[in-house]
Amino acid sequence: MPPGITLAADTPTLSAANTGFMLICSALVMIMTPGLAFFYGGMVRVKSTLNMLMMSFISLGIVTILWVLYGFSAAFGTDHGSLIGWSSDYVGLSGIGLTQLWDGYTIPIYVFAVFQLMFAIITPALISGALADRVKFSAWALFITLWATLVYFPVAHWVWGTGGWAFDLGVIDFAGGTAVHINAGAAALGVILVIGKRVGFKKDPMRPHSLPLVMLGAGLLWFGWFGFNAGSWLGNDDGVGALMFVNTQVATAAAMLAWLIYEKIRHGACTTLGAASGAVAGLVAITPSGGSCSPLGAIAIGVIAGVLCAMAVGLKYRFGYDDSLDVVGVHLVGGVIGSLLIGFFATGGGQSDAQGLFYGGGLTQLWKQLAGVGAVLAYSLVVSAILAFLIDKAIGMRVSEDDEVSGIDQVEHAETAYDFSGAGGGTVLRSAAPSPGPGPVDESAAQIKKVDA
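Residues numbered from 1 in each chain as written. Predicted model: local features only at pLDDT ≥ 70, side-chain atom pairs only at ≥ 80, totals over all residues. Heavy atoms only, no water.

Once that is clear, we can look at the overall build of the chain. Within the chain one finds 17 helices and 2 strands. Relative to the 2.2 N^0.38 estimate, which gives 22 Å for 453 residues, the radius of gyration of the chain is 24 Å and therefore close to what a compact globule would have. In terms of its C-alpha atoms, the chain occupies a principal-axis envelope of roughly 100 × 50 × 50 Å. Taken over 453 residues, the chain has a buried fraction of 52%. Accessible surface computed for the chain: about 18,900 Å², of which carbon and sulfur atoms make up 67%. The positive charge centre, built from 19 side chains, and the negative charge centre, built from 27, are 15 Å apart in the chain. (Helix = DSSP H or I, 4+ residues; strand = E, 2+ residues; numbered from the N terminus. Rg over C-alpha atoms; globule rule 2.2 N^0.38 Å. Buried < 20%, exposed > 50% of the residue type's maximum accessible area, 1.4 Å probe, protein only. Areas by Shrake-Rupley, 256 points an atom, 1.4 Å probe, with all protein chains shown as cover. Lys, Arg positive; Asp, Glu negative; His and termini not counted. Charge placed at Lys NZ, Arg CZ, Asp CG, Glu CD.)

Structure below.
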């Protein structure tokens, strides 16, 4: 540095390390949406596989454009009334300098914007799992557009935007327990209460068609979630991101084991679907809380979330709402659990000095968490139900009953997920000279004929 020139000690400068780290985290969060598509796609029946994949993938297109045009400005622009943000420089991302830093941090605004974009993309995609088998693709695309604009962008400002009412109140949400998971879970409940149940709900078998796809999706989600969670501290300068990384792994493992133990006791078997669902429940619950609790607290949060979410997925049969892929039971319930347990397990030595009940902080933080949870849940539930009702009246939300029974993939996308018409060289085997007696060739031919049929 030349003589006579000094920099203020508290003035951030661009960090290549933090910038590179956050770009990697952004890519990790992006891969979560295709991971979610596989997770949900494997859980539905064969005839709905492509539609389920597309309901996640379309969010990558729609929300990206909305975010650039006005979403980033609405979520993270200058506060207006503690409810919404707006900055003209952020509209179209047109007034941002290449090295202009996000206020108070060492990363460019562009990096922060693209990281938050990936959160905005996956949140409406989460809702889609509750609506499997029965929603028009065009109606879903319209719903995403309106929901992101009227629900996600404002709620993101409440929780994370400077001046947002929940932010100023002191509601802790490290990476999206309220803004992402409760928001999406409540929206899912609001929509399914409007559009109704699938044909054959509680009567026909609706088992997952591909558990390997489910496990692949869960693995991608778990992998990407490290960027989702650890990246939300926006840097690596003080160890909080490292704490979040550790707690993400710990809580997820604990929740998976707790879900499997519950399954074994309740149903007599440890299932692959239970392992995948338990892992996701743990990831959801630690998302808001992992920056404020210890690893031992993360184990407790994971165990509680694993058991309670496993119990909650059965509520749809008791109360009669058709949450196809357990978005309410895992994301809404898991998000509520993780957000509220901050009021008990916050140590005061992580992301902030706020302490929970078990660490001498009394009930102060718990009341703040309750306010954030209740407001986001109610707002998202009501607005989402209204949007679904209006779209249903305008263009119809559901495919016809005949189309639902025959298969939404063919009706909405003119494709099917699996084509066995040319499987395994069956034509060659059928044209071969008949064998004089039973043997491996005859058995293989019989199997191929069966597949072709």
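With respect to the element layout, Gly170 can be found in the loop between helix H5 (165-169) and helix H6 (177-195). In this structure Gly170 comes out as partly exposed when scored by relative accessible area, which is 25%. Along the chain, Gly170 and Gln369 lie 199 residues apart, while their C-alpha atoms are 8.4 Å from each other.

The backbone of Lys202 sits at a positive phi, close to 70 degrees, despite the residue not being glycine. By the element assignment, Lys202 lies in the loop between H6 and helix H7 (211-230). Even without a glycine there, the phi angle at Leu234 is positive, about 65 degrees. By the secondary structure assignment, Leu234 is in the loop between H7 and helix H8 (240-267).

With that settled, consider the packing of helix H1 (residues 16-43) against helix H2 (residues 49-76). What describes two packed helices is the angle between their axes and the distance between those same axes. Close contact between H1 and H2 brings their axes to 8 Å; oriented N to C, the two are set at 165 degrees. Between H1 and H2, the angle falls in the class roughly antiparallel. Considering only the axes of H1 and H2, their crossing is right-handed. Contacts between H1 and H2 involve Met30, Thr33, Pro34, Leu36, Ala37, Phe38, Tyr40 and Gly41 from the former and Thr49, Met52, Leu53, Ser56, Phe57 and Leu60 from the latter. (Axes fitted to C-alpha atoms, helices over the stretch in contact; angles between N-to-C directions. Parallel < 35°, antiparallel > 145°, perpendicular 65-115°, else oblique. Left-handed = near helix turned anticlockwise from the far one by under 90°. Contact = heavy atoms within 4.5 Å.)

The pLDDT averaged across the chain works out to 91; a share of 91% of its residues lies at or above 70. Predicted confidence is poor over residues 1-9, with pLDDT under 50, and the contacts of this stretch with residues over four places away or in other chains come to 2 contacts. Across residues 425-453, confidence stays below pLDDT 50; counting only partners more than four residues off in sequence or on other chains, it has 16 contacts. (pLDDT = per-residue confidence, 0-100.)

One pass over the full model with this rule turns up 26 aromatic pairs. Look at Phe174 and Trp233: their rings are 5.6 Å apart centre to centre, the planes differ by 15 degrees, and that puts the pair in the stacked class. Taken together, the positions of Phe174 in the loop between H5 and H6 and Trp233 in the loop between H7 and H8 put the pair 59 residues apart, joining distant regions of the chain. An aromatic cluster of three or more residues is present, and its members are Trp67, Tyr70, Phe72, Phe76, Tyr90, Trp102, Phe112, Tyr152 and Phe153. (Phe/Tyr/Trp six-rings, centres within 6.5 Å; stacked < 30°, edge-to-face > 60°.)

This part is about a nonpolar patch on the surface. Nonpolar side chains collect at one region of the surface, where Leu357, Phe358, Tyr359, Leu363, Trp367 and Leu370 lie side by side and expose about 600 Å² of accessible area between them. Tracing the sequence through the fold places Leu363 in the loop between helix H12 (327-345) and helix H13 (364-394). (Patch = residues over 30% accessible without salt bridge, like charges linked within 9 Å, V, L, I, M, F, W, Y side chains within 5 Å. Salt bridge = Lys/Arg side-chain N within 4 Å of Asp/Glu carboxyl O.)

Once that is clear, we can look at the side chain of Asp409. The residue Asp409 is located in helix H15 (residues 408-413) in this model. Despite its burial, Asp409 remains without a salt bridge, the nearest opposite charge being carried by Lys47 at 10 Å. If we ignore the near neighbours within four places in the chain, the residues touching Asp409 are Val46, Lys47, Ser48, Thr49, Leu50, Asn51, Ala414, Glu415 and Ala417.

The subject of this paragraph is the side chain of Gln365. Looking at where Gln365 falls in the secondary structure, it is placed in helix H13. Sequence-distant contacts of Gln365, that is, excluding residues within four places in its chain, are made with Gly170, Val171, Ile172, Ile342, Gly343, Ala354 and Gln355.

One pass over the full model with this rule turns up 6 salt bridges. Arg45 is the partner of Asp133 in a salt bridge, and the nearest nitrogen-oxygen pair spans 3.1 Å. A residue pair is termed long-range when its members are at least 10 positions apart, and Asp133 in the loop between helix H3 (109-127) and helix H4 (137-160) and Arg45 in the loop between H1 and H2 qualify at 88 residues. Like Arg45, Asp133 is buried. Where Asp322 meets Arg134, a salt bridge forms, and the shortest distance between an N and an O atom there is 4.0 Å. Placement of Asp322 in the loop between helix H11 (315-319) and H12 and of Arg134 in the loop between H3 and H4 is noted, with a sequence separation of 188 residues between them. Like Arg134, Asp322 is buried. Overlapping salt bridges, with partners in common, bring together Arg45, Asp133, Arg134, Arg198 and Asp322 in one network.

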